[in-house]
Amino acid sequence: MSKGISSRSAWRAVVVSTVAMIAAGVALPGVAADDEVIPNHNPTLNAGGKATDGPGMPSPWSYSAKTGIGTAYEAYADFQFSDKAVTGKVSKVWFSLANGIVTETMYGLIHHAQIREMQIAVTGNGWTAFEKTDTTSQISYIHTDKDGRPLSPAYRLTNTDKQGRFVIIKDIFTDPDHQTLVTRVTVKALKGPVTPFVILDPSAANTSGDDEGRASTSTLTAWQGGVALALKASVPFKAFNVGYAGVTDGLKDLSEHQQIFAQHAATSTRGNIVLVGQLPTVANSATFDLAVGFGANPDAASAEAKATLKTGYARVLANYNGAGAAVGWEDYLTSLSDLSSLVPETQDKGKLLYASALMLKVQEDKTKAGGLIASLSNPWGDSVYTDVSATGYKGVWPRDFYQVAMALAAMGDRETPVAAYRYLPTVQVTKDTPGNTGATGWFLQKAHVDGTPEWVGIQLDQTAMPILLGARLAELNLISKNELLSSYSSMLKPAAEFLSRGGTIGLDWNHATITPPYAQQERWEEQEGHSPSTTAAVIAGLAAAADIATEAGDTAGAAEFSAKAADYSQKLEQRLFTTSGKVRGADKPASYYLRISRSDDANNPGVQDERNGRVGLPSDLMVDQGFIELVRYGVRKADDPHIVQSLTVIDDQSLPENLRVRYDFRFEGSDVTVPGFRRYGNDGYGDRTEGGNYSVNGQMHPSQRGRVWPIFTGERGHYDLAVAAQKPGGATQADVDAIRHVYVKGMELFANDGLMIPEQVFDGIGSNQPHNYVLGEGTDGATPLAWSHAEYVKLLRSLRDRQVWDRSPSAYARFAGQN
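Everything quoted here is computed from the prediction, not taken from an experiment. For every chain, the first residue of its written sequence is number 1, and the numbers climb from 1 along that sequence. In keeping with the model being predicted, local features are shown solely for residues with a pLDDT of at least 70 and side-chain atom pairs are shown and tallied solely at 80 or more, while totals for entire chains, interfaces and linings include all residues. Side-chain measures here rest on the full set of heavy atoms in the structure, leaving out hydrogens and waters.

A.B. asks: In this structure, what is going on with helix 13 (residues 532-552)? I would like to understand it.
C.D. replies: Side chains that are three or four residues apart share a direction in an α-helix, a result of its 3.6 residues per turn. Numbering goes from the N terminus for both helices and strands, where a helix is a DSSP run of H or I of at least four residues and a strand is a run of E of at least two. Here, expected helix span is obtained from the residue count minus one, scaled by 1.5 Å. Along its 21 residues, helix 13 runs 30 Å from first to last C-alpha, staying within 8% of the 30 Å computed at 1.5 Å per residue. The buried count for helix 13 comes to 17 of 21 residues, which makes it a mostly enclosed element. Of the residues one or two after helix 13, Gly 553 is the one with positive phi, at around 80°. A 1.4 Å probe rolled over the protein chains alone gives each residue an accessible area, and that area as a share of the maximum for its type sets the label: buried under 20%, exposed over 50%, partly exposed in between.

Next comes the structure, spelled out in structure tokens:
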């Protein structure tokens, strides 16, 4: 098994039971092979050897509800990152912020975390306080325009002691010319002198264990294998220590006695280590600069930190921002030709729009140009231990990838979507994919940015979306017709053939025979069957492929793909629209689109599998809003009666709690009622209702509850626009204003103080612990989610154009556009 591919045991998987379905008379159009295993949706798991903590105690990753993420802007040279580009040496350092401190910080590839956490502890007369637990934190952007729109992902954290004894102000960003994280720390003593200590918890090589370290008055260093980090300060450390977490790290002495008694200069064996450096005592106010350099070895890392300190805070920040002759984040925002035209569609003067532009670009790898990840976070990281290297959401899902590329194009980015499109062969399965003995043309479920397969389930929408992206980039003249036709032969045609013909998979654990449009996994990666959202993407992808094939002179391919799209469309309602659904009760049969059907008969759809701790239910009891993707991609009209009828079920807030999808939100200071939606009824991918994280210690629990996702507020806004656009004369300004007032404003309200849009928000059901969530606040799932930001941006572009941005002209002409 290749490194990084999840094993069946690691996936906590459940074998699909066909016996019960056959006994129930359910036809199985795409039956899995006998040894097929379908996973829970658990991105916190990965395979690989465990790192050893040595004498140290194990540590989890950090809280996933980030309030800030950042990295230096790097320009392309011929759509690739290069030290010869106008931005010079490529800096490959990313950071994240949560709970007022620096959390996972990456160097190298975007998923290679080297720091778990870095915070300041403060001691006074008989007391010790830690930033993470003993302060209240506020975040702001350092560099904004006159309307408060952020111009770079550089942040100021203001952490105030809960007992009023001190304030810590931290400015955080990276050095665009070196491999360095920069933190300027200002400590203000309010009730007598205080002594600050910097506490650095490394995770070299993306694990907490197997690290070695050294400490001195000048440098705190950690390393593992071929990667190292070195923390230097603008003043010498008064005292220092390198020790093992929870054992000799000195934090107990610091907590109880306000000092470090034993000062260890070096580790004796590999393990989970913590580095501590004492800064000078502060009588009133003092400022210190901290630089964490990264490199292949301790000397190289130390040299990077030293160079950054020599350059100085002001110049490094100016270069990061793009002030004067420097090329930085201001220049990237200026290059977005449509960005300013989207501001009038916002409700916050464009603040979240500009932040979204930054967040989407930040989450691109800098070794593999165009490698767009899902989130710079590990979901529920504070209960996921770091002894195994895991990507979390810092990987490539072609579905999330498509959303981001389309959003970047919507803002007028003329380069990143092209780099992204050219990246896609990295994650397409071919005859040359290591270990592949089966079908080709499909795209990996999830991969590292370097193309290493991580999850190998088959999700047909992820194979359709690259086709849609190519067609759209050509329509926008971002790629040439020649490039489109060249990629048709090498990438798009094999993808379309898989969507048309299917095949038997032969990669890692997966040996299923796929018969489209019956998918091994729908877009939430958990169930096999027919799915409206998957089928919508497949039909649109095949329609687009047919038109590209015609341009390429491939008449046979054009005929095949067009015929398959028509066939899937013709059978859509038969397979997925039930007329005897029991979601409102056995005595109240209703008609609506199913979330999943395991057969070609929507009135006999089978039973779904247990997932994420939730018992599988009859398919007609589980609904979701995914059917409006049929409208988004142009497969069905917005006023199609099947769509309209299904929305009455989605909007029914009297459904049993476990089956209910819609929840309305009111926010303090706003008169807007914001419609929010869960992924589907009976969703278990979320926090526990009695309080606690998802999948603690890798164990599923029946009280896990999938919460409301802001994405779906954006999706519903797109649908309402499609309804308005169908009217004679199209959408009016009043229509657009109404959508802005509810859906745009709603997504803005779901964003946190750092202008990060979460994956999930607390919906008020069950306990709000352990993080004391308030209604509508992002949970520990993943923040920021790139897809959430992408959906927001695309809604703004759709409103500006008064037409859904994702609509496929090829699908619309064949299906929804017909009279």
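A.B. asks: Could you clarify how one ought to interpret the side chain of His 718 in this entry?
C.D. replies: Here His 718 shows up in helix 18 (residues 710-725). Overall, His 718 belongs to the buried group, its relative accessible area being 2%. A polar contact of 3.0 Å, which involves the side chain of His 718, links it to the side chain of Ser 798. Contact partners of His 718, with chain neighbours within four places excluded, come to Arg 632, Glu 791, Lys 794, Leu 795, Ser 798 and Val 804. Any N or O atom pair separated by 3.5 Å or less is treated as a polar contact, with the protein-specific requirement of one donor-capable and one acceptor-capable atom, and with residues adjacent in sequence counted only for side-chain atom pairs. Whether two residues are in contact is decided by their heavy atoms: any pair within 4.5 Å suffices.

A.B. asks: Sorry if this is basic, but what is going on with the environment of Phe 401 here?
C.D. replies: Relative to the elements of secondary structure, Phe 401 occurs in helix 9 (residues 398-410). On a C-alpha basis, the gap between Phe 401 and Ala 786 in space is 8.6 Å, while along the polypeptide they are 385 residues apart. Look past the residues within four positions of Phe 401 in its chain and what remains in contact with it is Gly 370, Leu 372, Val 396, Ala 420, Tyr 423, Leu 424 and Leu 469.

A.B. asks: I tried to follow the pairing of strand 14 (residues 212-215) on my own but got confused; where do I start?
C.D. replies: A regular strand places its side chains so that they alternate between the two faces of the sheet. Burial of the side chains of strand 14 is restricted to one face: Gly 213 and Ala 215 are buried, whereas none of Glu 212 and Arg 214 on the reverse face is. Between any two strands, pairing holds if DSSP finds at least two bridges. Relative to strand 15 (residues 220-224), strand 14 is paired through 4 bridges, and the arrangement is antiparallel. Counted as the bridge partner of Gly 213 is Ala 222 from strand 15. Here strand 14 folds back onto strand 15, and the loop between the two strands holds 4 residues.

A.B. asks: Got a minute to help me understand the environment of Val 774 in this structure?
C.D. replies: Tracing the backbone shows Val 774 in the loop between helix 19 (733-750) and helix 20 (786-801). Between the alpha carbons of Val 774 and Thr 391 there is a distance of 28 Å; along the sequence they are 383 residues apart.

A.B. asks: I keep staring at the pattern of salt bridges and nothing clicks. Help me out?
C.D. replies: Basic side-chain nitrogens of Lys or Arg form a salt bridge, by our definition, when they fall within 4 Å of a carboxyl oxygen of Asp or Glu. With the rule as written, the count across this model stands at 55 salt bridges. As a salt-bridge pair, Arg 472 and Glu 475 come within 3.4 Å of each other at their nearest N and O atoms. Within this pair, Arg 472 and its partner Glu 475 are both found in helix 11 (residues 460-475), separated by 3 residues, close to a single helical turn. Judged by its relative accessible area of 12%, Arg 472 falls in the buried class. With a shortest N-O distance of 3.0 Å, Arg 636 and Glu 573 are connected by a salt bridge. Taken together, the residues Arg 636 in the loop between helix 16 (629-632) and helix 17 (641-650) and Glu 573 in helix 15 (residues 572-576) connect sequence positions 63 residues apart. Considered together, Arg 636 and Glu 573 belong to a single accessibility category, that of buried residues. Among the charged side chains, a salt-bridge network with shared partners connects Arg 523, Glu 629, Arg 632, Glu 715, Glu 791, Lys 794 and Asp 806.

A.B. asks: Which parts of the structure should I look at to understand the nonpolar core?
C.D. replies: Buried together is how nonpolar side chains tend to be arranged in soluble globular proteins. As used in this record, nonpolar core signifies buried Ala, Val, Leu, Ile, Met, Phe, Trp, Tyr and Cys residues forming a set joined through side-chain atoms within 4.5 Å. Of all hydrophobic cores here, the largest spans 218 residues; its most connected members are Leu 353 and Met 411. Broken down by element, the residue count for this core peaks at 12 residues, all from helix 13. Once residues lying within four places of it in the same chain are set aside, the contact partners of Leu 353 are Leu 339, Leu 342, Val 343, Thr 346, Met 411, Tyr 792, Val 793 and Leu 796. Residues Phe 130, Ala 245, Val 274 and Val 276 belong to the second largest nonpolar core, which totals 9 residues.

A.B. asks: So what exactly am I meant to see when it comes to the pairing of strand 13 (residues 195-202) here?
C.D. replies: With 8 of 8 residues buried, strand 13 is to be regarded as a mostly interior element. Residues of strand 13 alternate between two faces, with Thr 195, Phe 197, Ile 199 and Asp 201 on one and Pro 196, Val 198, Leu 200 and Pro 202 on the opposite face, all of them buried. Two strands pair when backbone bridges link them, and strand 7 (residues 113-124) and strand 13 are joined in this way by 8 bridges, in the antiparallel orientation. Across the sheet, residue Thr 123 finds its bridge partner in strand 13, namely Thr 195. Both strand 13 and strand 18 (residues 273-278) contribute to a ladder of 4 bridges, which runs antiparallel. Looking across to strand 18, one finds that Phe 197 is bridged to Gln 278.

A.B. asks: Would you mind going over unusual backbone geometry with me for this structure?
C.D. replies: Trans is the prevailing form of peptide bonds, just as negative phi is the prevailing case for residues other than glycine. With an omega dihedral of 5°, the bond running from Pro 516 to Pro 517 counts as a cis peptide bond. Within the secondary structure, Pro 517 is located in the loop between strand 23 (513-514) and helix 13. The omega torsion of the bond from Gln 769 to Pro 770 falls at 10°, within 30 degrees of zero and hence cis. One can find Pro 770 in the loop between helix 19 and helix 20. A positive phi is found at Ser 695, a non-glycine position, where the angle reads about 50°. The exposure class assigned to Ser 695 is buried, which follows from its relative accessible area of 3%. Here the phi dihedral of Arg 802 falls at roughly 60°; this positive angle occurs in a residue that is not glycine.

A.B. asks: Honestly, the environment of Ser 91 in this entry has me stumped. Any pointers?
C.D. replies: Secondary-structure assignment places Ser 91 in the loop between strand 3 (80-81) and strand 4 (93-98). Here Ser 91 falls in the buried class, since its relative accessible area comes to 1%. On a C-alpha basis, the gap between Ser 91 and Ala 129 in space is 34 Å, while along the polypeptide they are 38 residues apart. There is a polar contact of 3.2 Å between the side chain of Ser 91 and the backbone oxygen of Asp 175.

A.B. asks: Can you walk me through the side chain of Thr 308 in this structure?
C.D. replies: Looking at the secondary structure, you find Thr 308 in helix 4 (residues 298-311). Among the polar contacts listed, one links the side chain of Thr 308 to the side chain of Asp 175, at a separation of 2.7 Å. Leaving out residues up to four positions away in the same chain, Thr 308 has contacts with Asp 175, His 178, Thr 180, Val 182, Ala 291 and Val 316.

A.B. asks: Could you clarify how one ought to interpret the packing of aromatic side chains in this entry?
C.D. replies: The geometry of an aromatic ring pair is captured by the separation of the ring centres together with the interplanar angle, meaning the angle of the planes. Classification of ring pairs uses Phe, Tyr and Trp, with its six-membered ring standing for Trp, and accepts pairs whose centres are within 6.5 Å; under 30 degrees between planes counts as stacked, over 60 as edge-to-face, and the remaining range as tilted. Going through the model one piece at a time under the given rule, you end up with 27 aromatic pairs. When the centroid spacing of 5.7 Å and the interplanar angle of 80° are considered together, the rings of Phe 667 and Phe 750 count as edge-to-face. Taken together, the residues Phe 667 in the loop between strand 26 (662-666) and strand 27 (673-678) and Phe 750 in helix 19 connect sequence positions 83 residues apart. When sorted by exposure, Phe 667 lands in the same class as Phe 750, which is buried. Here the aromatic cluster, defined as three or more aromatic residues joined through ring pairs, consists of Trp 524, Trp 709, Phe 712 and Trp 787. Sitting over the ring of Tyr 354, Arg 149 keeps its end group 5.3 Å from the ring centre. Looking at Arg 595, its charged tip hangs above the ring of Tyr 680, at a distance of 3.6 Å from the centre. Two conditions define a charge sitting above a ring: the NZ of Lys or the CZ of Arg must be within 6 Å of the ring centre, and it must be within 35 degrees of the ring normal.

A.B. asks: Teacher, can you tell me more about the packing of helix 12 (residues 481-501) against helix 14 (residues 555-570) here?
C.D. replies: The axes of two packed helices give the description: the angle between them and the distance between them. Orientation of helix 12 relative to helix 14, taken along the N-to-C sense of each, is 40°, at an axis distance of 10 Å. Taken as axis vectors, helix 12 and helix 14 run oblique relative to one another. The crossing of helix 12 and helix 14 is left-handed. Contact with helix 12, carried on its side by Tyr 488, Lys 493, Ala 496, Glu 497, Leu 499, Ser 500 and Arg 501, involves Gly 557, Glu 560, Phe 561, Lys 564 and Tyr 568 of helix 14 and no other residues of that element. When its residues are assigned to classes, the contact of helix 12 with helix 14 shows 5 nonpolar, 2 polar and 5 charged. Each axis is a line fitted through C-alpha atoms, taken for helices only over the stretch in contact, and angles between the N-to-C directions span 0 to 180 degrees. Any angle that falls under 35 degrees is termed roughly parallel, while one over 145 is termed roughly antiparallel, one within 65 to 115 roughly perpendicular, and all others oblique. Take the far helix as the reference: if the near one is turned anticlockwise from it by less than a right angle, the crossing is left-handed, and if turned clockwise, right-handed. Gly is put with the polar residues, along with every residue not named as nonpolar or charged; the nonpolar set is Ala, Val, Leu, Ile, Met, Phe, Trp, Tyr, Cys and Pro, and the charged set is Asp, Glu, Lys and Arg.

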